[in-house]
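These are the residues of each chain, in order.
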Amino acid sequence: MKTTIRIASLALAWSLASIACSTEDDPRDPDRRDVGNGSGTDMGDAPMEPEFERTVLDGLGAMDVNVGNFAVARIAPSGLAAVAYVHQDTTNLRETIHYVEQTGPGTWGAPEEAAFPGNVIEQQTGMDFRGSRILQFGFDFVNGQPQIAHVGGGPSMLISSGFPTDLMRSVRGPGGWSEDPQALVADSNETTEGMPCPEGNQVCDFGDIVGSYVAARAGPGGTFAVAYRDQHQEAEAEVSARADLEVYIEGPGGVRKVLVDPARNAPFRTNVAFTPDGRVVVAYRIQAPPEVFREAAGIWVAVEGDDGSFALHEVSEDVTVHRIGLDVSDSGRIALAYWEQGRSDLVVATSDDDGETWTVERPDERDDTGLFPDLAFDDLGREVVSYTYCGRAGGGDCPGDLGPDSQVRLARREGGDWAIYTVDDGQGFGNVGTDTNVVVYPDGHLGVTFRDSRNADLVFAEEVTP
């Protein structure tokens, strides 16, 4: 199913909305249909650019399934897009990670089951509000192969607050996805370098609950980095509040397991990227409960130096509960995007000196906006952010639940300002935008993946090129 959507600056979109409301058509009428050349909900042939084509990748309104949580989109070696995402059977809560790849302009292959992290037997402390037990995963292409890093159930194949978990990797080879995923990290004490544990800390670098809040990225020369949370041994509040940020790095020189930020309740909402010269950058949130490293709570970035050590930099004391968007430009600029929970704004922070200093901007701060952001640099070196506008501040259930006014949007730096565009409005009914991800094709055009909450579908919107 495809619907072409044209996007335009919000000023023009709001103007058109007021025109539409002056007609007899109710934009919330379930019998309402798109008008004008089959081109979506933007009044058809209105001269708006750029234009996106909307494709449902999985779900299609199927009963008893919930698809698209924690979706990650990448550009494959073919130059086309691929997406990995959580697929949940709502009848038994069995969750798997699925994979789907583009086969040509506007065409996609069939979804594949890529990884089965384990059997869930009870809720895990710190679960995402949508109820997913997978707690975020990482995906990228390494030496031409799609690879997914994710939490796993360890020997018992049970994911629970009381059982060990491992950091796992599933790989798609010529014969399909690996039936026996590789354990990258099984225990807390496998790290061999990095920051020392705080003196007197009895849980740092000890235990066997590892591998949640995973992010992964391929780097130059076949390198691969996976950032993850090491929760140590139990789900008790004080123990889990001293969790570590660790990074698994592999490349031509071998494997490194680095303790990056020990015992400060890190990381949450993680993302990872590489600098042009192959150094790892990690963006993450420290969540500090009362009396346990409260002064460290906020948005942090860890930047690898030339000697392999990591420098930790606080970006902001802001709070976010969504995955942080992160990318590094060809010039070495580090940029991240996050939803600032207090004011419900979209925030972009940039650094041109390896994280020593930061410039913080709010490209979109009207109403409840900036949810579920992702960030990439386009072919012109401009920051492009995909995110979700939820609706009027204080209206309905926003930002807790996406409502009928929600939209997927793009913010792009254009000159000295930010231009805001609408990508998708749920065909006029909203309820779209969970876990947006933006990719830049080799020729520079954009693609955005997101979840349609109303229909429990995974959607990909690709920019239509002339």
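Residues numbered from 1 in each chain as written. Predicted model: local features only at pLDDT ≥ 70, side-chain atom pairs only at ≥ 80, totals over all residues. Heavy atoms only, no water.

## Concerning the environment of A84
Spelled out, the test is: Helical segments are the DSSP runs of H or I of at least four residues, strand segments are the runs of E of at least two, and each set is numbered from the N terminus. When checking whether two residues touch, look at their non-hydrogen atoms; a contact exists if any pair is within 4.5 Å.
One can find A84 in strand β4 (residues 81–89). With 53 residues separating them in the primary sequence, A84 and F137 have C-alpha atoms 9.1 Å apart. Once residues within four sequence positions are removed from consideration, A84 is found in contact with F70, A71, V72, I97, H98, Y99, F137, F139 and I148.

## Focus on the pairing of strand β19 (residues 254–261)
One face of the sheet, then the other: side chains in a regular strand alternate in exactly this way. Test applied: Pairs of strands are assigned from DSSP output, requiring at least two bridges between the strands.
Relative to β19, strand β15 (residues 193–194) is paired through two bridges, and the arrangement is parallel. Along β19, the bridge assignment pairs E193 with V258. When strand β18 (residues 244–251) meets β19, the two strands line up antiparallel, connected through seven bridges. Within β19, the residue paired with V247 across the bridge is V258. Hairpin connection between β18 and β19: a loop of two residues separates the two successive antiparallel strands.

## Details of the side chain of T191
We count it as follows: Accessibility here uses a 1.4 Å probe with only protein chains present; expressed as a share of the type maximum, an area under 20% marks a residue as buried, one over 50% as exposed, and anything in between as partly exposed.
With respect to the helices, strands and loops of the structure, T191 is situated in the loop between β14 (182–185) and β15. Since its relative accessible area comes to 12%, T191 is described here as buried. In contact with T191, not counting residues within four places along its chain, are D205, Y228, E246, K257, V258 and L259.

## A word on the sheet that holds strand β29 (residues 383–389)
Think of a sheet as strands paired side by side through backbone hydrogen bonds, with each pair either parallel or antiparallel. Selection rule: Inter-axis angles, ranging from 0 to 180 degrees, are taken between N-to-C directions of lines fitted to C-alpha atoms, where helices are fitted over the stretch in contact.
One open sheet holds the four strands; their spatial order is β28-β29-β30-β31, and the pairing between them is antiparallel. Each having just a single partner strand, β28 (371–377) and β31 (417–424) make up the two edges of the open sheet. Looking at each pair of strands side by side, their axes are set apart by 20 degrees on average, direction ignored. As paired elements, β28 and β29 share five bridges and run antiparallel to each other.

## Examining the nonpolar core
Heads up, the rule is: Each nonpolar core is a collection of buried residues, namely Ala, Val, Leu, Ile, Met, Phe, Trp, Tyr and Cys, held together in the definition by side-chain atoms within 4.5 Å.
Core analysis: the largest hydrophobic core is formed by 19 residues, its most contacted members being V247, V280, V282 and Y284. If you list the elements that add at least two residues to this core, you get β17 (224–232), β18, β19, β20 (268–274), β21 (280–286) and β22 (298–304).

## Quick word on the side chain of H232
As a reminder of what qualifies: Residues adjacent in sequence count toward polar contacts only when both atoms are side-chain atoms; beyond that, a polar contact is any pair of N or O atoms within 3.5 Å, and within protein one must be able to donate a hydrogen and the other to accept it.
Along the chain, H232 turns up in strand β17. A relative accessible area of 0% means that H232 is categorised as buried. Separated by 3.4 Å, the side chains of H232 and D244 make a polar contact.

## Quick look at the state of the cysteines
Definition in use: In plain terms, two cysteine sulfur atoms within 2.5 Å form what is called a disulfide here.
Following the criterion strictly, the structure yields one disulfide and no others. Disulfide pairing is shown between C390 and C398; the S-S distance is 2.1 Å. Because the sign of the S-S torsion sets the handedness, a value of about -90 degrees for the bond joining C390 and C398 places this disulfide among the left-handed ones. Under the relative-accessibility criterion, C390 is labelled buried at 1%. Judged by its relative accessible area of 13%, C398 is buried.

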